[in-house]
Each structure stands twice: as structure tokens, then as C-alpha cells.
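# Observations on the model geometry
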Amino acid sequence: MTRSLLLLLSVHVAWASLPLVDFDRMGKVGLAGAFSGLDLFQNKSHTFDSSTSTLLARASNGSLSPIASTNSGGRILAGCTLDDFFYLAGSFSSISSTSASNIASYTSSSGKFSSLGSNGPNGEIDAIFCDAKNKKVWVGGLFTSPGAAVAVWDTSANSWSKPPFDGLTGAEGRVLSITSNSSDFSLFFAGSFITSFQGNGTTLNDTNNPNVPFSPGASPFSSSLVPIPLQGAQIVGSPSSTDTEFSNVTNILCPAGSDGPGNTWFAGDGNQAVITVRDFSFLQASGVRLGNTFQSNHGTTGFSVTTIPDNTVQTLKYLDPTTQQNNTCSTTCPLSTDSSILYQDFLFDSPLSITGVAITLSEWTGDGPGLHILQLLSSGAFASAIDSNNVQSCFAPNPSNTTRTGNWEVKVAQTNISGTTQSVLVSDVAVGTSASAGPSLTWQPYVSASGDYNINMLVPGCTNFQDCAARTTVQVTIFPGNELNPTVMNVDQTNTEDASVSIYNGPILPTTPDFVTTITMTLAANPTGSGSNGQYEIVADRIELVLTSANATSSNSSSSASSDSSGSNQGFGFFEWPLSSTSSVDATSTLANSTETSADQAAIGLFSGIGGNGTISSENAAIASVAHHSSGTIFLAGNFTLSSNSNNIVSYKDGSISALPENGLDGSVTALALDGDSLFVGGSFMDTSSASNDGLKGVALYNVQSQKWSALGAGVNGKVSSLAVSDSQLFVAGNFTQLFTSSSDTAGYDAPGFAVWNISNSVWVNNGGFVVGSMTFVANETSPQYIAGNVVVSDSFGASGMVMVQNSGSDVPSISPLGVQLDGSIASASTSSARRRSIVSRTSWIAHVRLSHLFFKRQTSSSTLAALPDALPAIAPAVLAGSFWTNSTSNDEVAIIGGNFSFLPSGSSFGSSEAANLGIYDQSLATITALQGNQINGTVRSLLVNGDTLYVGGQFTISGLNVNGFAIYDLAKQQWDVSGVQALQPSSGSSVVVRSITTSTSKSNTIIVAGTFAQAGSLTCQAICSLDTSSNQWNSLGSGINGEVSSVSYAGSNQETLIAAGSIALSDSTVANVAQLTLSNMSWAEVGSGSDIPGPVTALEVNNANASSIFAAGKTSDNTTFLSFFDGQNWTTLASTLQKDTIISQLAMVPLQDTHTGNSIIESDRMLMISGILDDSSFGNASTALFDGASFIPYFVSSTVSGTAGSVSSLFHSFSTFSFTQQHFLATGVVILISIAISAGAVFLLALIGILWTLFARRDRDDKKQFDAADDDDDSIHHRPSSLLEHINAATRGTIIGASPFAPHSSEKEEEKLEGDGMEPEYTHDGDNYVRAETPSAYGGAMGTEEASRPAHARYSFDGAGEGELALTAGAEVEILDDRDHAWWYARDVRTGQEGVVPAAYLY
């Protein structure tokens, strides 16, 4: 008999938000498929057009949300944040619905865009910088108004203006980068432009000490360092010459005349010599200055420097006076014998605290070594509170000085350096004295050259001086220079150990007759502490000025300068502008020397090194990015080649440009990002210029300290446009599609346009979100983070084939992407034509498709049995199956995933061998490990975990093992275990494909394997076969079936009925497509009338083990997708608007947190989740949809790496059983009201019930084994609930308010059994990624609405023999759902999902 039910097909809106699927009730839940990005369908309101540029926000968890797109042809190239606004810039005329010319602001709180006034830049903007201090936005690019290539937006005045230097012109007249220096005191502009400075050879800013003679062996930086006066130091040269005119080594400390007698020292002939300079207080030194002697038959050619007291041979940096390149040396440093080189400066990596040096003269010319000049260079400048320590330095016109008010006295103490002492000044001040009435001390350090300095105040520790109780805070005022604002701060002097406190960082002007930098210390306005004996003690020691960047004279510059015919110096591609400058100059013409900074010398060197205007124009040279390291080194990168063979990236420090190792990179650089000493470089390069590292594809790492290049994995396969660093991660945006793990890797991980490198672990990681496109920009240090580019598709979550899903407490689930990268596999996969995702335009509500119920009548015999429809495309990387396993040793729960993919096991180095198609994923550690032993060659399509045994099915072989599509793995022993198991065999012309592996609670030691095969060893058992796990023997199931099986599920309270679906005919040639096997007598029968099913079935679901509620999906002969429902008597095919491209891979009934309107097909507390590739004329593409018996609700949508629609293959979960019935508990107030209403008669009645219950319960348990718990256990197993309320609580915890009205539909025999048992069949799934239940769940309760569940562990084992009790083993982890009874608690076993009552005393 057939029937048809016709309902009106319509699109309607019934849900204000997504249905609340209760994922947590299923335990841990995984969603697997062939996708790289996943999102909730309700988020897909933005339509992407790759001809526009889209701005996306990236949340802290990495998820991406589209914000808006530009006009067609628009580009977003830069952005920064100021206050509550994000400023984005590029080349566009509109963003969202807002007209904006090349720049706009975005307010995230309101979601609104705004244009920035009128008269803004009239061309493309390439760079933007937000000046938070001055509330201004600086932009650079290719425009002429309001300034040439540079413009400024004043956020307070809401107006545009040209920069104070008018702009930048020449070459292309374009600014590509605006950044601040490392101290945020100035801006660096980079691009393609020309600057010009006066070239008259005068001193820049009158900064250089005129007494310091020029030498090509020194840089402007080193010549600005004031030498340390060594008049009081111990100087020994040994062995010394016997010639008295050349034997006094102190003559070379500050020679009074030229090289010769009385001004030069010789070592003993024929011997290497050591000159020891030792002070008895510690010094802050930056290096040494050595001048060779050019007297006949004497001179030094090699030396080394050992610092005292650490006795370390130092690595020195120096400027080669011949090549003008920076070099390093250590054990043998060269000293020039060119008489035109007066001296050479050799610097340490950074200033050192030492007490002296030992200089070994190891190589010489003529009779022996000798020197004309020896000086120890300071870190910049210095001044001591002790007047006797302020000795005049060599070349200095005057020494540093101090002035004081009040009473000060000298105090001496030991230092932390053995054998040294320190003298300081101290002044005692009565507690309560005001700062103005107290003492003061002013340091006046001699500064030889202007530049950027760090000023440090040395504060001796109070422990050595034994004055900790008297210490307090002081106020320090720094006057750095004329027209520079003073700096005032408080310094805490209560430190127990010696401390160096930074009190200033910025520009300092040199000492002149008209100006001296001063640092003044007084008592703080509100001093801390209570003093000692009514007195504070303030301490004055030394002031150190550490030079970080110096100016230089144009004539003394060691950079290769270029002068035009008028004598001006021209620079290229780089310009520095101090933010504190109030000058108005014109950088489009020749600038005065007074405006030139030391960093501007880099531009002059670039102009000369590239070859001047002609070469710059012909080679399209440009500086695209700049980074300033804390050491003072400036890195400049772009598209250029210098005459020194430095390509595309150089460094600038101490007045000179230096090539990076291997002569830079072989392609242009577009982006730089600094993280400590790590300089990340992005661009269009493949290797270094010397071809030393072919892993530097598009992105590279340069270590500033070690000066070495290293790869990030092995780079990317395209251009990198933008870099950003945040939270120990490097964000990479560009026009690339893959990440490489090794230089020989040709496949790589998919990353279409955006990738994240974990700096700490040196590994590419999942970036959280998913985007396909050519990305042009990623923001640095914004919240949220913004990225932009030409986007093809974007999803909130990026994942290689799997995500974990759980409840979130809101109206959408919480999604955790796979924390590792999966790669392509060599296994061949089913393919289908790529389809662009289509999302049908709709309101913000969720669209639902109302289904018609149409019945299709069809008669078929086995002779015309159709083949199964094509499976889901499994284009790698694809996860097709999953199962959870709890390690019996560690008790850790992990996910085992299988499919068509490869991966680099976590912890392996890049370039290591990859594993394929099967892995163990630990979500808590975000790691994936391979199964030990030989790897699977092929595709995994089904998994089943039973204890510590893993059953694997699919289409594969394993090298060295006799397996074909089915294998067994011992998870405990970590080895394949297929001995004695005969391989499956295909029929002629086909291949073995195992699609389902299941087990039934009614058949112990039995595994059911189903799919496409003809035999198991020599046993004929087509499409479905059972394996006895105790003997590893195959057995046929009854008379068997013909055809192919796609899915297996079970019905009945003990899973006594197996339901198989696919393209099936019974042994008598009856075409069934859905057939049932009664396991007790092994008899097959069709489910309903097979002719009522329109075609082969690809997915099957038995609703909560109810044989009268079955769903089947598949394809008709004309490729039409169908969904059919069996009500216990008839099949009804539910027609829909699903298109022919739809492929349904899985049907799964899922529980709900809320309810829907129940109907005759699906109860109100659950929905059918349909997974695969869903193509619907109403809602477009989706990967999963929920069906409530009347409507489709699109749920998840996914994307592949190419931007086409992805697919979901399966939902799998950790709980073997769970209840659909929702638990409800009365509020506490209601319970109290009911209690008040209970009469005394009702209490007596309840008491009687309790007594009877106790008598029967004890009699039933007389013969059961008793557990002997601990002697001190008051509520052990021997004391079952005995009080009235204990009995009622234990017996009624499963009581359900508002139980489901649906009775199970079954055969008469089955109905009688169910009615007799009084049980509702429990929910179980087949082996298509589900683990089956062993026992039904009797309880689904949770703690009251005012309480939350909590974890616990079993202290003892508990047999759980009583009705409603939960069996436990000692140590098992449980979840307490209700603890309102003091003796018995209601709990859930988190491993099995089973629930029941347990003695409270057994838990902890």
C-alpha cells in the first residue's frame, strides 16, 4: 500500500535565531568534512566580490567577520587606530554605503563609516600613521594635495593640512611607509622620492666636538662618544721597549702631539704585548679607540680585547676604513697600517659595565707592535656627583661638573664587582622638609655631540650602604636642550641592590658656551617612607648618557654621499622628521643642515649607492618599509641594488650603510616587522642574493644579534604584502595560496591569502578564521585586528576538515577549529565539479523551506540494481570519519580522525616525513600524532573505537599487511593487529570500500562491517559481514544481501534489529534499499515496501532506536535528491527544493536545548541534522541543515581552499548514549510552597510507601554481592537510602515534567515488549562515526536551575546493582548533576555518558 502526503512548499520564517542544538548532551562533539573554512549559516549575510576590497575584523580567537567592501576596483592598503576610530586608506571612492575618497574612519561600536572632511589627498594612499600623542593622522602615498605625497588629518580640528615640511617630491614622488623610530620621537618616511640638504661641509646642528680629529676609521656615532678619563687608572704595558722615548704607555692615552717620541709606545722587540687598563670602580664602556704607530719598523696589525673582570674576549664591530662597510672581529682584529688612518674605533655589541680591559697586540710589522692612541670609549657621556671623578676627557674642552645646595657628604661602600668600591654623596633631610627647602644636586655632563640618548641615573643599593630605612623618593628634572621641553619624574631610591634607572630617552644637544644639559635632583614633593630617626637620606652617584643615534658632519660622513652641482647632498627614499619639531621647512627643495638628522645620512648613502637619479628612475627603485631596532640600527627594505652588491635590504647604524649577510635578498621587499631581535621580512623573493637558503620564499626571518637568515617553514608560494606582530604571533597577508614545510615541498599547506606563524614554537598555526583572496593589509596592534584584501570567500572559522562543537551559553554554539594544519594526501579521491557558493538573498531571520510530502512509486528487481550514488568529494585535505578514545592508561580523551589528508606530526621539524589519512588529535594540547607502524595508503571512511581497539574502514591498503579496506589497530600497544583476519575481497572490476563499522549491544564480541565488497577471505558475504573479535573469524549474516551498503543503524531497546541502507536487494532478489536483520534469528526483511523508496540510499537514521521512525536519503535515477520517512508501515518521500548537486552523507538526530512544535514526523525535543553538500533553491549552499519534520533550517556552511562550497561528512560524539528527553526542575520557591501545602495525612502515606519500598528493595538485594566499603564510611553501599526522603529522591530523580507524547511505532511483538518493559528505546548511532551504547540511560537530570553541575571522582568502586544506580570504578571521573540529598547524589559518568544515583560518600 502506498500513500502520498502533499504539503504546500513555501519559504517561511519561524525562528528568530538558530535552533539550540544541545551538543553537550552528546559529550564531546566533532564535525568532520572536506572544508577549510566553516561558519554558521546565519552569519553569511555578506556577499563577496573579489573586484572590491573587503575589510574584515579578526577576534581574539581568530574568527573573522566581514565588515564592509569598497567600490569595484577599490583597494584597502593601510590602517591604524586612534582613540575609538580605525582609519583605513588606499584607493577607493566608497566603503559600504559611505562615499569616501581614499580614506575613511570606522567606529566599531556603531559599525559606521565616515569620510574625512574635504580637500583630502587627491590620489592613492599607501601608508598611514596614527600619532596618539598629538591626535593626528599622517598619510603618505601618490598625491599632490594638500601636500606632496604627505598629508596630515587633525582629529581635533577635523581638517586636512600639508605636513610642516611641505611634502616630498622627486623620483616617483610617492611615500610607501610611515613608521616611528624606536623611541617614538620622530617619524620615518620611506618610498620613492628625493631629498636635498646643504652640502657646505659645516657641522650639522653644530653638534660635533671640533677638537676630535677626523679619521676614516670612525663613524659619526663612535666619534661622538666621549672617551673615559683614565688619569687615575692603572695602566701597564708589557713587555715594554727599552727605548725610553717609546716606553711610557701612559703617553698614548691622550697624546700631546703627533706620532713620535713622547707620544707613542713600543712593545719589546719580537714579542706580542698586553696593555692592561684597570680602574677600581666600574665603568660603562662602549669600546676602544686605537691609533697605530707608523714609526720605522714598528706597528700593530692584529689585536684582541679582553674585558675585566669577566675575562671575556669581546667581539668588536668596526668600520672598514677602505670599504666603509661594517665588519666584526674577535680573537684577531685588524689594525690599519695606512698612515692616513689616524685611529679606528672598535665597539662592543652594547655598552658594558667593566673595571678595565686587557688589549693583546698579537700581530705586528717590523720589529714589534706599537700604538700611538689608546682610549676607552664611554657609552656617550657621563657625570659623577663626586667632583674628583669629573676629570677632563681627551679632546674635551672641559670636564663634566656638578653644583649643589644644602649639606652633602661623601660615603664609600663596596660594589658588586670584586675589589672595587664606590663613592657617592648623601644628604640627610628632616622628614617633613619641603622639596624647595631641601638639598639639591645638579649634574652638568659634557656632551660632545647631539643625538638621541638614553639618560640613566645610577642609584646604589641601600644594602651595601646600610641605609635602607632612611631611603625615599627624589624628583629628577632633565633639561635636554634649547627649545626642548624639560622632563620631570620621581625616582625611588629604596632599591636594595645597585640599580640603573632610565630617566630620559630622546634628543640631547651638545655642550656649548651657551648651553649645558642639566639633570637636577631634589627631594620629591611627596617622599615615600617614614625615614630613620626622623631623617631621610638622599643619594647622588653618577649620570650616564647612552648614545643611541648621532648626527654627523657631511664632510666627515662615512656614508657614500652624493653632491649635486650646487654642493647639496641628495638622499633617496628615506626622511626623518622629529615630532617635537616646530620648524616649518620645505623638503621639496634644499633643506638647511640644521634640519638634517643622523638618520637622514642613510638616505644620502642610498642615493649614492644606487647610482643617482638615472638609476633610480630606470630601476623603479623604492624603499617600501623601515624598521628601527632598539640598538639604533635602522633596516631599510624595498626594491634596489647598491654598488656594494647589497640587494633590497640594508642596515644603517653609526653613520654607515651595511649589507646584510648573503648580500640581502634576490627579490623586492614590501614589509618589515620587528619582534625583539627578530626582524621578519616579506616580499617577492625566493632566496638570499647569494642563493644560500631556498626556504626564504616570500617571507623570512633575520636575527639582528646573530646576523643570520632563517626560514619560516619554507615560506609561501606568492607575494607577501603586509606583516604584523602581536602576542608572539606573526600575521602574514598577501597573494599566496600555500605554506611550505620544506624546500622540497611542492604541495604545502593551504593558506589562501592569510597565515599565522607562532614565533615561540616556530611553526605555522591555524589562524582561527578562514579567508580566500589576495590580501593587501593586516593591522598591527589593533583590537579587534583588521585585515583587508580582494576576498573571494571568508568564514568565521578556519579549519582543515574538522572542528569541535559545544554549547556556548548563547544562542549559537561554540566552535573550536582543528588546532593543527592538515595537508593534501597522495591518495586519490572522488572528485566533482567545483561549485561556487551561492547564498540566496534573505532577511536577517533564518529562512526555512516548507516541505511537500510526495510519494514516488517505483518497482525494481535485483537484476537492475542501481549503483550507489557518488560519495562526497574527498579532495584533500578531507576528514571523513572520527571517533573518540579514552586512553585507559592516562584517562585522556582524544579524537581519532580519518580521511584523505596528510600532516606533519606535532613536534616534528619542518622537512620531516608526513603521516597520512589517520591521526590522533588532542584538543587540549592542539597536537596531532600519527599511529605507529606503516601508514595507510588510501582513504579512510569509517572508524569505530571499542575499548582500546580501533577498527578502520575505507578504501586503502597498508604496506606489508594483508588488508584491503579494513584494518584493526591496538591503541594500547600502538601497533596494527590484523593477524588471523582475512582481507576483504572485491567483486570483479570493483574495489573494496568499507563505509560502516558498527557494533550492537545485543551481540557481544561482534563487529558489523558494511560497504562494497564480495567476500571476507574465502567467505561469501556481499556488502555486509560480521567479525567475531574473540576468534578474528568472519561470519555471514543470515542469508545475506546483494548490492552495496552505505549506512547501518540499529533499532530496539537492546539494538536487536540491524537496519542497513544503500543499493540493496535481499537474497530473493527483492529490491529493498533499506533492509532489516533480526539478530536473534539472523533473518532479513525489507523495511516497508522497498519499491516505495525512490532510489539508492546514501544516509540513514533510526530515530532513538525506534523502528517506526526511520529516515533515509539518497538519489533517484535522474540524480534527484530525496529524503524519505518510514512511520512503521509506509515510506513517505518528502520532496524539497534541494537541487541535483546535493549529496547527503549523513542523517543524525540531535537533541535540543529548546523545543519546536512537534509533529507526526519529529518530536519537539530533537531535530534531524542533514549533512553533506546541500544546494537549495531557497537558501543556496549549506553543509548541514536541521529538519524539524516540516522545515529545513540551514545551519552550517563551509568552504574549500579554492573558495567553492565545502562539505560536512559526519557528526561524531564521545557519549555512547544520551537521552533526548529534556529534564526540568522546579524552582526552589515553588518547592517550598508545595511543601507547605502537604498535609499530615500525606506525610503518613509517604512514610508507608517508603517502608514498603525498603522491604522490597532489601529482599531483591539479599542475593547480590555486597561491597565492603571503608569502616568509617557512614553512607556506604550497606546503607541504601533508608529515610523517607532518601527513598523518594533516589527513586524519582528520573521523573520528567512534560514528557514526550510520542509512543514508539513498532510491530505488534515489539510494541508488546516495549510496553511490558515500560522503557523508551535509547538513542544510538551506527558506525558511521558513532560509538554505540552498551546500556540504556535511565536519567537525564541536571542540577537545579539555580545551580551548576560540577566534576568529581569515585573514591571507591560501586556495583550499581540497584535500579537507577550508576556503577563506578575507583578513580572514574563523574559529573555531579544533583547533590540535594546528603546521602545519595545523581551523577553522570563522563566517559560513558550513563547517569544514575551513587552514594555521596563514594565521591570526592
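Placed above this text is the structure.
Note that the structure is a prediction, hence the values are computed from the model and not measured.

## Focus on the overall build of the chain
Within the chain one finds eight helices and 94 strands. A buried classification covers 57% of the 1404 residues belonging to the chain. Considering only intrachain contacts with a sequence separation of at least 6, the fraction spanning at least 24 residues in the chain is 64%. For the chain, the computed accessible surface area is about 52,800 Å², with 47% contributed by carbon and sulfur atoms.

## Considerations on the sheet that holds strand E44 (residues 647-653)
Spatially, four strands are ordered E42-E43-E44-E45 in an open sheet, and the strand pairing comes out antiparallel. Of all the strands in the sheet, just strand E42 (622-628) and strand E45 (656-659) have a single pairing partner and so form its edges. Within the sheet, the average angular offset between the axes of one strand and its neighbour, ignoring direction, is 30 degrees. By the bridge criterion, four bridges tie E44 to E45 in an arrangement that is antiparallel. Among the inter-strand pairings, Lys-653 is bridged to a residue of E45, identified as Ser-656. Sheet strands touched by helix H3 (residues 600-610): E42, strand E43 (634-641), E44 and E45. Its angle to E43, the strand with the most contacts, is close to 20 degrees.

## Structural notes on the environment of Ala-673
Relative to the helices and strands, Ala-673 resides in strand E46 (residues 669-675). Classification of Ala-673 as buried rests on a relative accessible area of 7%. C-alpha separation for the pair Ala-673 and Asn-780, spaced 107 residues apart in sequence, amounts to 9.3 Å.

## Topic: the pairing of strand E78 (residues 1041-1051)
Where burial is concerned, most of E78 is hidden: 10 out of the 11 residues are buried. Pairing of E78 with strand E79 (residues 1057-1066), which is carried by 10 bridges, proceeds in the antiparallel orientation. Bridge pairing in E79 links Ser-1049 to Ile-1059. Here E78 hands over to E79 after five residues, with Gly-1052 in that stretch at a positive phi of 100 degrees.

## Observations concerning H3
Among the 11 residues in H3, 10 count as buried, and that is most of the element. Every buried residue of H3 is listed here: Asp-600, Gln-601, Ala-602, Ala-603, Ile-604, Gly-605, Leu-606, Phe-607, Gly-609 and Ile-610.

## Thoughts on the packing of aromatic side chains
By the definition in use, this model includes 34 aromatic pairs. For the pair Trp-153 and Trp-160, a centre-to-centre distance of 5.3 Å together with 55 degrees between the ring planes defines the contact as tilted. Given a relative accessible area of 6%, Trp-153 falls into the buried group. With a relative accessible area of 11%, Trp-160 lands in the buried category.

## Focus on the pattern of salt bridges
Throughout the structure, instances matching the rule amount to 21 salt bridges. Where Arg-289 meets Asp-345, a salt bridge forms, and the shortest distance between an N and an O atom there is 2.7 Å. Taken together, the positions of Arg-289 in strand E20 (residues 273-292) and Asp-345 in strand E26 (residues 344-364) put the pair 56 residues apart, joining distant regions of the chain. The class of Arg-289 is buried, set by a relative accessible area of 1%. The shortest N-O distance in the salt bridge between Asp-541 and Arg-542 comes to 3.2 Å.

## Focus on the pairing of strand E10 (residues 103-107)
Of all the five residues making up E10, five are buried; the element is thus mostly covered by neighbouring parts of the structure. The alternating pattern of E10 places Ile-103, Ser-105 and Thr-107 and Ala-104 and Tyr-106 on opposite faces, both of which are buried. In the sheet, strand E7 (residues 85-91) pairs with E10 via five bridges, with the strands oriented antiparallel. Looking at E10, one finds that Ala-89 is bridged to Ile-103. The sheet contact formed by E10 and strand E11 (residues 112-115) spans four bridges and is antiparallel. If you follow Thr-107 over to E11, its bridge partner there is Lys-112. Here E10 hands over to E11 after four residues, with Gly-111 in that stretch at a positive phi of 70 degrees.

## Let's talk about a nonpolar patch on the surface
A contiguous nonpolar patch, built from Leu-1245, Leu-1246, Leu-1248, Ile-1249 and Leu-1252 and spanning about 430 Å² of accessible area, is present on the exposed surface. Here Leu-1245 lies in helix H6 (residues 1240-1260). Under the relative-accessibility criterion, Leu-1245 is labelled exposed at 51%.

## Structural notes on the environment of Ala-755
Within the secondary structure layout, Ala-755 lies in strand E54 (residues 754-758). As for Ala-755 and Ala-733, which are separated by 22 residues in sequence, their C-alpha atoms are 6.7 Å apart. Discounting residues that sit within four places of it in the chain, Ala-755 has contacts with Leu-730, Phe-731, Val-732, Phe-736, Leu-739 and Trp-764.

## Quick notes on the nonpolar core
Side chains of nonpolar character tend, in soluble globular proteins, to be buried together. Phe-23, Phe-1111, Leu-1123, Leu-1147, Leu-1168, Ile-1170 and Phe-1187 are the most contacted members of the largest nonpolar core, which totals 48 residues. Grouped together as the second largest cluster of nonpolar side chains are 39 residues, Leu-225, Ala-381, Ala-383 and Leu-441 included.

## With respect to the sheet that holds E78
What the four strands build is an open sheet, ordered E78-E79-E80-E81; its pairing is antiparallel. Of all strands in the sheet, those with a lone pairing partner are E78 and strand E81 (1083-1086), marking the two edges. The average undirected angle you get between the axes of adjacent strands in this sheet is 30 degrees.

## Digging into the state of the cysteines
Evaluation of the coordinates by the stated rule reveals five disulfides. Each sulfur in the disulfide pair Cys-254 and Cys-394 lies 2.1 Å from the other. Between Cys-254 and Cys-394 the sulfur-sulfur dihedral comes to about 85 degrees; the bridge is accordingly right-handed. You can see Cys-254 sitting in the loop between strand E18 (234-238) and strand E19 (265-266) and its partner Cys-394 sitting in the loop between strand E28 (380-384) and strand E29 (401-405), a full 140 residues away along the chain. A residue is classified by how much of its surface remains accessible, and Cys-254, at 41% relative accessible area, is partly exposed.

## Considerations on unusual backbone geometry
For residues that are not glycine, phi is negative in most cases, and the peptide bond is trans in most cases. The step from Ser-145 to Pro-146 runs through a cis peptide bond, and the omega angle for that step is 5 degrees. As for its placement among the helices and strands, Pro-146 is situated in the loop between strand E13 (136-142) and strand E14 (150-154). A cis amide bond links Ile-308 with the next residue in sequence, Pro-309, at an omega value of 15 degrees. Here Pro-309 lies in the loop between strand E21 (300-308) and strand E22 (312-313). The backbone of Ala-171 shows a phi angle near 50 degrees, a positive value even though the residue is not glycine. One can find Ala-171 in strand E16 (residues 169-180).

## What to know about the side chain of Asn-648
By the secondary structure assignment, Asn-648 is in strand E44. A relative accessible area of 7% places Asn-648 in the buried class. At 3.0 Å, the side chain of Asn-648 forms a polar contact with the backbone oxygen of Gly-667. Residue contacts for Asn-648: discarding those within four places in its chain leaves Leu-636, Ala-637, Gly-638, Asn-639, Phe-640, Leu-665, Asp-666, Gly-667, Ser-668 and Val-669.

Conventions adopted
- Residues numbered from 1 in each chain as written.
- Predicted model: local features only at pLDDT ≥ 70, side-chain atom pairs only at ≥ 80, totals over all residues.
- Heavy atoms only, no water.
- Helix = DSSP H or I, 4+ residues; strand = E, 2+ residues; numbered from the N terminus.
- Buried < 20%, exposed > 50% of the residue type's maximum accessible area, 1.4 Å probe, protein only.
- Contact = heavy atoms within 4.5 Å.
- Areas by Shrake-Rupley, 256 points an atom, 1.4 Å probe, with all protein chains shown as cover.
- Pairing = 2+ DSSP bridges.
- Axes fitted to C-alpha atoms, helices over the stretch in contact; angles between N-to-C directions.
- Phe/Tyr/Trp six-rings, centres within 6.5 Å; stacked < 30°, edge-to-face > 60°.
- Salt bridge = Lys/Arg side-chain N within 4 Å of Asp/Glu carboxyl O.
- Patch = residues over 30% accessible without salt bridge, like charges linked within 9 Å, V, L, I, M, F, W, Y side chains within 5 Å.
- Core = buried A, V, L, I, M, F, W, Y, C linked by side-chain atoms within 4.5 Å.
- Disulfide = S-S within 2.5 Å.
- Polar contact = N/O pair within 3.5 Å; in protein donor to acceptor, adjacent residues only side chain to side chain.

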